[in-house]
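Chains, contacts and geometry: an overview
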Amino acid sequence: MLIPHPLLGLRDSSEFTYLGDAALLDRPDGMAEGAAARFHDYVHLRDNPAGIHRELWFHEQGDRSWLVVTRNTVTHEILGAELAREARLKGGAA
Amino acid sequence: MTELATLTALGADAPAQRHAGALTITENAGLALASLALRRGTAQPAPFGLALPGPGGWAEGRGVSGFWTGPGQWMIEAPGRADEDFAAALAAEAPGCSITEQTDGWAAFEIVSDSGDAPIRALMEKLVNIDAAAFGAGRATRTVLDHMGVFAIRRADDRLAIIGARSSAASLWHALAETAARLEGVGT
Amino acid sequence: MTRLTGGLIDRSQTLRFTFDGQGFAGHSGDTLASALLANGVRLMGRSFKYHRPRGVFAAGSEEPNALVELRAGARQEPNSRATVVELFEGLEARSQNRVGSLRRDLLAVNDLMSPFFAAGFYYKTFMWPRAFWERFYEPAIRRAAGLGSLSKEPDPDAYDAGFLHCDLLVIGGGPAGLAAALTAARTGARVILADEDFRLGGRLLAESAPLDDAPATDWIAGLEAEFASLPNLRVMRRTTVWGTFDHGIYGAVERVADHLATPGRRVRQTLWRITARRTILAAGATERHIPFQNNDRPGIMLAGAMRTYANRYAVSPAPRVAIFTNNDDGHRSALDLAARGVEIAAVIDPREGVRAQGDYPLITGVVGNAKGRLGLTRIEVVANGGSRWIDCGALGVSGGWNPNVHLASHHRGRPAWDEARHGFLPGTDGPAGMRVAGAASGQGSTAQALASGAQAAQEALADLEISATLPDLPQAEDAGLNLHPLWHVPGKGRAWVDFQNDVTVKDIALAHQENMRPVEHLKRWTTLGMATDQGKTANVTALAVMAELTGRTIPQTGTTIFRPPYTPVALSVLGGGDTGAHFRPRRLTPTHHWATAQGAVFTEVGQWMRAQYFPRPGESHWRQTVDREVLATRKGVGLCDVTTLGKVDVQGADAGEFLDRLYCNAMKSLKVGMVRYGLMLREDGHAWDDGTCARLGETHYVVTTTTAQAGPVYRHMEFARQCLWPELDVQLISTTDAWAQLSVAGPNARRLLERIVDSFDLSNEAFPFMACAGLTICGGLRARLFRISFSGELAYEIAVPARHGNALMARLLEAGADLGATPYGTEALGVLRIEKGHAAGNELNGQTTAQMLGMGRMVSTKKDSIGAVMSRREGLAVDRRVLVGLQPVDPADPVVAGAHLFAEGAPQGTGTDQGWISSACFSPHLGHAIGLGFLENGSERMGEVIVAANPLQGQSMRLRVVSPHFVDPEGGRVRD
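Residues numbered from 1 in each chain as written. Chains lettered and ligands numbered in written order. Predicted model: local features only at pLDDT ≥ 70, side-chain atom pairs only at ≥ 80, totals over all residues. Heavy atoms only, no water.

**Regarding the overall build of chain C**
Of regular secondary structure, chain C possesses 23 helices and 47 strands. For chain C, the C-alpha atoms occupy an extent of roughly 110 × 70 × 55 Å along the three principal directions. Counting only contacts in chain C whose residues sit at least 6 apart along the sequence, the fraction spanning at least 24 positions is 66%. Working note: accessible area of chain C is about 37,400 Å², and carbon and sulfur atoms make up 52% of it. (Helix = DSSP H or I, 4+ residues; strand = E, 2+ residues; numbered from the N terminus. Contact = heavy atoms within 4.5 Å. Areas by Shrake-Rupley, 256 points an atom, 1.4 Å probe, with all protein chains shown as cover.)

Below is the structure:
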């Protein structure tokens, strides 16, 4: 696959390692009330859609940026990619 | 100065060199390297007068050069200064930045063509999934080469540098030398 | 004997070759198949199941029958299709799948037993008596099964891999592909033209019809001259594009040297990964046949192939041939063969009202049978309500042409049935960026192919905002097929559909009867469409037969899924050239050179080579060496290269806060100049990796990890930095390779280091346990010193820039000669830490928790850190297993890592399992084996005798539960 890196253009997916659902950006506050239940969901529950999926890729053999890539898991069409730190600063995976 | 002797990344006393047709591959054991990363609030410096390049770029300055390695991060090169504490020298040029010594983390190989850019492109085709036509002088990137992560720097139309992890220098040298030799064998 | 005039062979070059030991001659430009036919050889193989005599069926890579073994010795290669083997001087080939000679195959008896070998036979036969399956049936079937044999020697040839990028990839160099490449290349766009054949031209090479009143080869030659002048066009012959992958990525194999006797200095094949912005699939079409009883006689082939042999290779399979066709194209074969002096016995055509196109007998009817076991002698023609036999030595069969839709269907797209053309065309949901042109898109006349190729190229480039002009194309024939479908000739006997897998119409009927009706079930039940040709000449016919049986239409029946590779690809080339010692990268430590000189034995630790132990003369067993190294370290001073453990440089105003969130234990409170042990948890609460965190400055730390987890921990740290807490001011970079790190451990460690540091106070007061500092050594070399201990002894780790590591190790060994300085490797490293009770990878296996490791209290409740919340969940809290030491009651007994622990006298099962042994070794200090393990309520069971069971090897040992700290339990030595 080719990943459209926002700074570097199209890159071979073999330069990346794949983590999974970008929901991982929304890590719960461990010191807040009800943290245990929220962490259970955070760690174990995934939507796993057949279709549009926002997911985390690490450009390990590239610039070592984490990216949030929007990809169709059925067709592999990639609709876009942004720096994860920007996605996180904007407000997580939503 | 220390009495402790040094070894090259290939474990020898002197840097290695190989000729294969139009290409010459030379181990650049004298290359000093240090990483420069911006901290929050620091302005982008111009160490040794070097204008730090943007994503995918490599630039030359006075006795140093540098390539972009990530957002707010560059690798600074200083040819011939590998036996110094180059990181300390760089830190003085870039106050407030995070500087890390990298010289001995890497093995650098300089590849020179004696017939223009065609042999460089032919070599790149066999080594890395980077479009050589879009990788002209002044471009640099990390990528995968034979299962190893390397930096590739197009220093000129007829010059390419490949910088890989020091611990796998022998594997990288083998990949470069073998590939260049095979190109020579085919004659194209 | 059956050589004709003309053709595209070079008669000035005669090439000698052997087939089944017999010598023959052919010419340059021949394939093995054409050369054999030219020598009158029609029998080329034996069929898969029934061992029926078979001849060549096609003229290209779709060949199902003529599979041969090429070459001998280590380069022997089975299942080579004779139709694509370029003849070379000295070629050796052998037929396959026979016991005895090709003419007298002993396994031909299978044909008599054919009722036992019908579709799915292995589900229905060879079941009784039960014992016979393993003893007789299976070995016999296994010996008989398969096609071809391997040399079992390593492949001596070299292969390599490469990457290409282009604006337009044109797959196929026939009329459509050539027109496309010409149109595109003239714009200056970057074009790749790939064809599996050794010549460009595709079907043009097989046809006699002129282009602009001249032979097609003239036009092709003109194109090739222009192509050679265009640097932006790369023509790749002998290159099969075999797979369509995502985003315009294609897999291709270039057969660089297959056509040479030996590759010499070249690689034999290259695996190319082509990234194309746009693609044109101009892969042509493959002819299909019409099954009838006994239609597999040697000499029966596709009519189009017969024409190829005549026009391109100047060969006729026999002096007198017949044609059986349901379309106009079959007649063309008769015309071309007749023009070259071959006698046409008849053209048999079921279409009413069709007229002969030349001076040959035309019979309106069908072929019902064929005779001639080792080579066709006559065919039965059914016409006018009767039947008669006609003598002929070859029969060309044409049932129509199937567009080669494969590469357009690799993304699971389904081809679409075109009723007017009676064929499947590429579906509309094909791979992004791909257009199909020529016969592959149902535009099969030469004129249509040329025009559609140029048109497709123009459109593809327009996508890229490149303007292309349609070139002047030569005048060419524009005839249609005028096909009337006839999917098979009904009859009593066996009519073959898939020749390679020996599948007949009866097998399809049987599958239908046994309710294996969906095409995917049909395929698996009958094996139709499998193996080297993937049913290229059979699939469409088969599903049409199944459609007939089920009463559904062909589009309702559909096709099976198309998968790469289009034609077989050798595993050697998929490996991309990395073999032997260079199969994968190897990482060497900075002291590798020195360790080799010391005679070290090395071990693989992931990609690293680490010194395992350093045998001395007189030591014959590794235990002697390792015991010595361990004793020497605890007595004097040991030296070990620990560079492989990951090192991450952490800087920034918020570095301390960042590390506090990564480690489960407090890290923000670490003072400058000190080191702290750190445990990282996984977010699910399990222990993950441990190491040390050294604070070299206010905003400067160095984190260490285990060797195995260096990469994953770094990745995780970047994840935390960028994805979880991007607001923190933190910068990271790996420094694992940059610093050689040596462990100096033992009571004499301080004294040894004093001899190399440049006036640095190493006293216990100035540099206590867990201190760190930057300093210089050996006359000004910058270094870092960490007072940390894995061994339980007074110990330090000293780091210098890696280029000095080798010399430093040698210096330490020399300087410490009188202090008992001894190199030690990973084995002794392991013994030392087990004796001390330190957890390592075996204990941090992803299934344990801080609690189990005895570090439960380390997980801070005063802050949030990765994994802290989940580490407190009930599911983990109920696990009562904790780390203990174990030693055998009988000192001669071993302690076996992996053994499971049970209460003495308890039955041994999963319900009574109380834990396991994670690490074990022989302790030279105690003189017996010891181990570490996890035991339920272990801390309350000190002194108890339990049982360790290793049922795989029938072992059971009695062990006593003890403290995991076998040596210096108070920890006084490290603080000395």
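Read on for the rest.
**Observations concerning the interface of chain B and chain C**
Between chain B and chain C, the contact holds 48 residues from the first and 55 residues from the second. Carbon and sulfur atoms make up 46% of the surface buried where chain B meets chain C, a total of about 4,400 Å² over both sides. The three residues of chain B that bury the most area against chain C are L4(B), S167(B) and R182(B), which together make up 15% of that side's buried surface. Connecting chain B to chain C are nine salt bridges. (Buried area = accessible area lost by both parts, 1.4 Å probe. Salt bridge = Lys/Arg side-chain N within 4 Å of Asp/Glu carboxyl O.)

**Focus on the pairing of strand 32 (residues 647-651) of chain C**
Consecutive residues of a regular strand have side chains that alternate between opposite faces of the sheet. All names here are of chain C. Buried residues dominate strand 32, accounting for five of its five residues. Burial along strand 32 is two-sided: K647, D649 and Q651 facing one way and V648 and V650 facing the other are all buried. Note: strand 32 against strand 35 (residues 700-704), five bridges, orientation antiparallel. Directly across from V648, in strand 35, lies its bridge partner V703. As paired elements, strand 32 and strand 36 (residues 731-734) share four bridges and run antiparallel to each other. Residue pairing for strand 36: V650 is matched across the bridge by L732. (Buried < 20%, exposed > 50% of the residue type's maximum accessible area, 1.4 Å probe, protein only. Pairing = 2+ DSSP bridges.)

**Brief notes about the packing of aromatic side chains**
Throughout the structure, instances matching the rule amount to 28 aromatic pairs over all chains. Between F39(A) and Y42(A), the aromatic rings sit 5.9 Å apart at their centres with planes inclined by 85°, giving edge-to-face as the arrangement. With F39(A) and Y42(A) both in helix 1 (residues 35-44), this residue pair falls three residues apart, about one helical turn. Both residues of the pair, F39(A) and Y42(A), belong to the buried class. With a centroid separation of 4.9 Å and 70° between ring planes, the pair formed by F132(C) and F136(C) is classed as edge-to-face. Of this pair, F132(C) and F136(C) both sit in helix 4 (residues 130-144), four residues apart, roughly one helical turn. On the accessibility criterion, F136(C) (42% relative accessible area) is partly exposed. Every member of this aromatic cluster is reached through a ring pair, and the members are F117(C), F121(C), F126(C), F132(C), F136(C) and Y137(C). Lying across the ring of F922(C), R623(C) places its NZ or CZ 3.8 Å from the centre. (Phe/Tyr/Trp six-rings, centres within 6.5 Å; stacked < 30°, edge-to-face > 60°. Lys NZ or Arg CZ within 6 Å of the ring centre and 35° of its normal.)

**Observations regarding the sheet that holds strand 40 (residues 795-801) of chain C**
All names here are of chain C. The mixed open sheet is built from six strands, whose spatial order is 38-39-40-37-31-41. The two strands at the open ends of the sheet, each matched to only one other strand, are strand 38 (772-777) and strand 41 (821-823). The sheet shows a mean angle of 30° between the axes of neighbouring strands, taken without regard to direction. (Axes fitted to C-alpha atoms, helices over the stretch in contact; angles between N-to-C directions.)

**Some points on the UniProt feature "domain: GCVT N-terminal" (unreviewed entry) in chain C**
The feature "domain: GCVT N-terminal" (unreviewed entry), as given by UniProt, occupies residues 592-863 of chain C in the numbering adopted here. This span, residues 592-863 of chain C, is 26% helix and 28% strand, and a straight line between its end C-alpha atoms measures 43 Å. (UniProt positions renumbered as here; feature names shortened; annotations may be inferred.)

**Looking at unusual backbone geometry**
Residue and element names in this part refer to chain C. In this structure, P129 follows W128 across a cis peptide bond, with omega equal to -15°. Its location among the elements puts P129 in the loop between helix 3 (121-124) and helix 4. In this structure, P565 follows P564 across a cis peptide bond, with omega equal to 0°. Despite not being glycine, N294 has its phi angle at roughly 60°, a positive value. The residue N294 is located in the loop between strand 14 (285-288) and strand 15 (300-302) in this model.

**Looking at the confidence of the model for chain C**
Across chain C, pLDDT averages 96, with 100% of residues at or above 70. Both scores are given for the predicted complex: the pTM is 0.95, the ipTM 0.98. (pLDDT = per-residue confidence, 0-100.)

**Remarks on the nonpolar core**
In terms of nonpolar packing, the biggest core is built from 54 residues, with F17(C), F19(C), L32(C), L36(C), V56(C), L91(C) and Y309(C) touching the most fellow members. Among the elements that line this core, the one with the most residues is helix 1 (residues 32-38) of chain C, at six residues. Discounting chain neighbours no more than four positions away, the residues touching Y309(C) are A33(C), S34(C), L37(C), V56(C), A58(C), A59(C), T83(C), M301(C), A314(C) and V315(C). Among the nonpolar cores identified, the runner-up in size contains 41 residues, and A35(A), F58(A), V68(A) and Y663(C) belong to it. (Core = buried A, V, L, I, M, F, W, Y, C linked by side-chain atoms within 4.5 Å.)

**Describing helix 6 (residues 216-228) of chain C**
Taking 1.5 Å per residue, 13 residues should reach 18 Å; helix 6 of chain C reaches 19 Å between its end C-alpha atoms and fits that length. Contacts made by the buried residues of helix 6 of chain C are with helix 5 (175-185), strand 9 (191-194), strand 10 (233-236) and helix 9 (446-463) of chain C. (Expected span 1.5 Å × (residues − 1).)

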